[in-house]
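Read off the chains here:
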Amino acid sequence: MSGDSTVPALECRDVVKQFRRGRGFKKKVIRAVDGATLTLYPGELFGLLGPNGAGKTTLVRCIATLLIPDAGTIRVLGHDVFKDALFCRQQIGLLTSGERTLYWKLSARDNLKFFAALYGLTGKERDKRIEYLLGLLGLQEVANERLERYSSGMKQKVSLARAMLHDPKLLLLDEPTLGLDPQFGRFIRGFIKEELNKKQGKTILLTTHYMDEADELCARIAFINQGRIVDIKSPEEYKRDIPHKEILKVRCLGQFDGELLKGVSGIERVSAEFNDGVTTLNIVAERAEMVLSEVIEAVRARTRILGVDVQEPTLEDVFIYMTGTSLGADTKEEHETQYQD
Amino acid sequence: MRRSIRIELLAILAECRKTIRIWFSYPIMIVFWAIFPLLWVMPYVFQGRALVGGATSESFRQLTGSGNYLAFVLIGAMISTFVFSALWGVGNSLREETYWGTMEYIIASPTHPLVILIGKTLAEWAWSSVMVLFQAVIIALFFGVQFTLAKVLPVLLIVVLLLVGFSGFAIAFAGFTLLIKEVHGWVHTLEWIFFLFSPIRYPVQVNPVTAVISTLIPLTWALVAIRSIILLNKAEVNLYQTVLILLVMDVVLLVTGYFLFVYLEKKTRRDGTVGMH
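Conventions and cut-offs
- Residues numbered from 1 in each chain as written.
- Chains lettered and ligands numbered in written order.
- Predicted model: local features only at pLDDT ≥ 70, side-chain atom pairs only at ≥ 80, totals over all residues.
- Heavy atoms only, no water.
- Patch = residues over 30% accessible without salt bridge, like charges linked within 9 Å, V, L, I, M, F, W, Y side chains within 5 Å.
- Areas by Shrake-Rupley, 256 points an atom, 1.4 Å probe, with all protein chains shown as cover.
- Salt bridge = Lys/Arg side-chain N within 4 Å of Asp/Glu carboxyl O.
- Helix = DSSP H or I, 4+ residues; strand = E, 2+ residues; numbered from the N terminus.
- Buried < 20%, exposed > 50% of the residue type's maximum accessible area, 1.4 Å probe, protein only.
- Phe/Tyr/Trp six-rings, centres within 6.5 Å; stacked < 30°, edge-to-face > 60°.
- Expected span 1.5 Å × (residues − 1).
- Contact = heavy atoms within 4.5 Å.
- 1 Å grid on protein atoms, 1.4 Å probe; cavity = no way out; pocket = protein on both sides within 12 Å on 5 of 7 lines; lining within 4 Å.
- Points joined across faces, edges and corners; volume = space filled by probe spheres on them.
- Nonpolar A, V, L, I, M, F, W, Y, C, P; charged D, E, K, R; others polar.
- Pairing = 2+ DSSP bridges.
- Axes fitted to C-alpha atoms, helices over the stretch in contact; angles between N-to-C directions.

Caption draft 1: Quick peek at a nonpolar patch on the surface. Residue and element names in this part refer to chain B. Together, Tyr26, Ile28, Met29, Val31 and Phe32 line one region of the surface with nonpolar side chains, adding up to about 480 Å² of accessible area. As for its position among the elements, Val31 is in helix 2 (residues 27-52). The class for Val31 is partly exposed, based on a relative accessible area of 49%.

Right, dumping it as C-alpha cells:
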C-alpha cells in the first residue's frame, strides 16, 4: 500500500486537539487544533504557515504520534498513525525547533548511532548511512566532537541528519530555521528544497511563521490561524487571489496607527508596525499611485517621512488580509474557551 | 508490523551504552563513586558501636540469630543500595530525557519506551554491581563476613529475582515520572517506606505492625534469606520458599508495572505533556 504513488503521503481529516489548562473554576479548554484537514501528495513540499500559537506544532505532534488527538483521523501512506503506529513512526522523520533535542554530552556520531538503533539500523548499514549523512551535511570533520561545542546551526544539521537516518518517506520539519543565523538558515532552506525535496523526492511538511521561507520553498501552503486551516493554495494563487494588487509602505518617525490616515479615500486597509522608534504603515489599495499624494500629505502633517515604497503583496499581506492577524503575532491565548464540565 | 527481538536487544544495548557514556562525560562523578563505598560504611560502623557498645550484641542475636549487628546492617544497606539505584536511575533518567529534549524523539521512534527503560535499568544495575562488589570487599575485609561460592550463588539468585521485581516497580514509577515530572520527593518517600517496613536497618519483628506489612515487600523475603545464608551459614534456609515467593511477586510487579506504564505514557500523550519537565 505504501508503495502506491496515488496514496497520499499524509492525510489529516478533521483533527481536533484540545488542552485542559488550570484548575477548578479557572479550568479552560484550549482548542489548539480545530478540525484541521489537509492532504500531502508524495514528493510534495507543503508549508503550514501561521503565527506563533496558531496550532502548527500541535498538529505536527499529532502526526508524529506524540499527541493523541481528541477527534479526527491521521493517515501516513494510508496507515492510521494510532492503529499502525509502528509502521507510521518508521515512515516519519521528525525535526522540531530548538537546539536542545540531542545529547550534548555525546558526539554527533554517537547521537546518530543511538537514534539509528531506535529505528532498527545496525552494523555496516548504520555506519554507512551515518557517514553518508555526515558527509552530506558537512559534519564529517567534527563528527567525533561533543555537541556542546557545536554552534546552533551545526546542532540543527545533526538534528536534520537524525530526521533522515532511517530514510523516511515523510519529513515533518517544525520551524527548522528558527533561531539560526542567516547563513545557516540559508543552508538549511537550500538543503530542504534541493537535496531533500528535489533530489531525494521526500514528502515534506514544513511549518514556519517566516513567510519568505514558505514562499521560497513550498509548492502549496496551508494558512493556519487559531487552530483552523484557513485555506490551502500555492503561493502564486494566494497572491493572485488577493483583490488588492499593491501595498504602499510608508516609514515615518514616531508611533502611529491607522487613524493617521483616516479620511484618505481609496485605502482599503491599513496596518501599522512600530519598531525602534519607527512606524511602518502598510496601506492596501487597488493602485498605490492613486492614494500616494494624499497619504504623504496626511503623514507629513504629523511627522517626518523616512521612506516610501510600493510593493506587490507578500504572503504576509495575504495572511493579514485573510485572517486579520499578523504572522508575527502570538495567538496563543486567542482561541481559549471557558471549560464547563 | 512487528520488530524482531534482535532489533529490540540492540536498542537496549544502545541505550545502555549511551547512558554509561553520558555518566563518564562527568569525570568528577567517577571520583565521587570511587570514594563512595568507603564513605558509605563509616556511619554504620559508628552508629553500630554507639548502640551496642561493640561489633556484636546478645539481644540482637536473640532477635535475628546473629549477634553481628554491623554485618546485619551492612548487608541490608548493600542490597538496598542495589534496588534503590534502579528506582533512582529509572525515575531520574526519564526526567533527564525530558530536560535534554530527547524524550519526544524516543517516543516518536518505533522503539517502545519500555525498551529504553530496560536499557537504563541494565546500565544502573551494571554500575550498582560494581559499587556492591566494592562494598562486599569492605564487609569481608573489615567485618569478618565470608563470601564463599556456596553462599554467593544462592544469594545471586535471590538478588536477581529481587531486581526483576523491583524493575517492575521502577517501570511503574517511570510512568509516574512522565506524568508528575518530579521524582526526588517520591523516591525519598518510597525509600523511607522501604526503610520502615523492611528489615534494611533493623529486624522488623521488633513490632507486630512492621512485621506484618513487611511480608508484602519482596525486599523483606530477600534480606531474610540472604542474611541467613551469609551470616548464619544456613544455605538451605527457606531458599525454595523464598524463590517461589519472589517469583510470584516478580510476576505481579512486572505485569502491574507494565500496564501502569503503558496507561500513564498514553495519558501524557493525551494531555500533551510528554516533552514537559
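Caption draft 2: Layout of the packing of aromatic side chains. Residues and elements named next belong to chain B. By the definition in use, this model includes 15 aromatic pairs over all chains. For the ring pair Phe24 and Trp127, a centre distance of 5.8 Å and an interplane angle of 90° mean the geometry is edge-to-face. In this pair, Phe24 is assigned in helix 1 (residues 5-24) and Trp127 in helix 6 (residues 113-143), connecting sequence segments 103 residues apart. By relative accessible area, which is 40% here, Phe24 ends up partly exposed. Ring geometry for Phe166 and Phe194: centres 5.3 Å apart, planes at 55°, overall tilted. In this pair, Phe166 is assigned in helix 7 (residues 149-180) and Phe194 in helix 8 (residues 184-197), connecting sequence segments 28 residues apart.

Caption draft 3: Main features of helix 8 of chain B. Residues and elements named next belong to chain B. For helix 8, built from 14 residues, the straight-helix expectation of 20 Å at 1.5 Å per residue is met to within 8% by its first-to-last C-alpha distance of 20 Å. Looking at helix 8, one finds that the buried residues are Val187, Leu190, Glu191, Phe194, Phe195 and Phe197. The elements touched by buried residues of helix 8 are helix 4 (69-100), helix 7, helix 9 (208-213) and helix 10 (218-231).

Caption draft 4: Geometry of unusual backbone geometry. All names here are of chain A. Despite not being glycine, Leu77 has its phi angle at roughly 50°, a positive value. Position of Leu77 relative to the elements: it lies in the loop between strand 4 (71-76) and strand 5 (79-80). Despite not being glycine, Asp167 shows a phi value in the positive range, around 50°. Counting through the fold element by element, Asp167 comes out in the loop between helix 5 (152-164) and strand 7 (170-174). Note on Asp167: relative accessible area 43%, which makes it partly exposed.

Caption draft 5: Representation of empty space enclosed by the protein. Residue and element names in this part refer to chain A. Within this structure, the stated rule accounts for 5 cavities of 30 Å³ or more. When its volume is computed, the largest cavity comes out at roughly 60 Å³. If you trace the largest cavity, you find 10 residues lining it, with Arg269, Val284, Asp317, Ile320 and Tyr321 closest to the centre. Broken down by class, the residue content of the lining of the largest cavity amounts to 6 nonpolar, 2 polar and 2 charged.

Caption draft 6: View of the sheet that holds strand 3 (residues 45-49) of chain A. Residue and element names in this part refer to chain A. Reading across from one edge, 6-7-8-3-9-10 is the order of the 6 strands in this open sheet, with mixed pairing throughout. Taken across any chain shown, the strands that pair with only one partner, and hence form the sheet edges, are strand 6 (92-95) and strand 10 (228-233). Going across the sheet, the axis of each strand differs from the next one's by a mean of 15°, ignoring polarity. Looking at chain direction, strand 9 (residues 220-225) and strand 10 are connected through 5 bridges and run antiparallel. Paired with Ile221 across the strands is Lys233, a residue of strand 10. Sheet strands in contact with helix 10 (residues 315-323) are strand 3, strand 9 and strand 10, and its direction is about 45° off that of strand 9.

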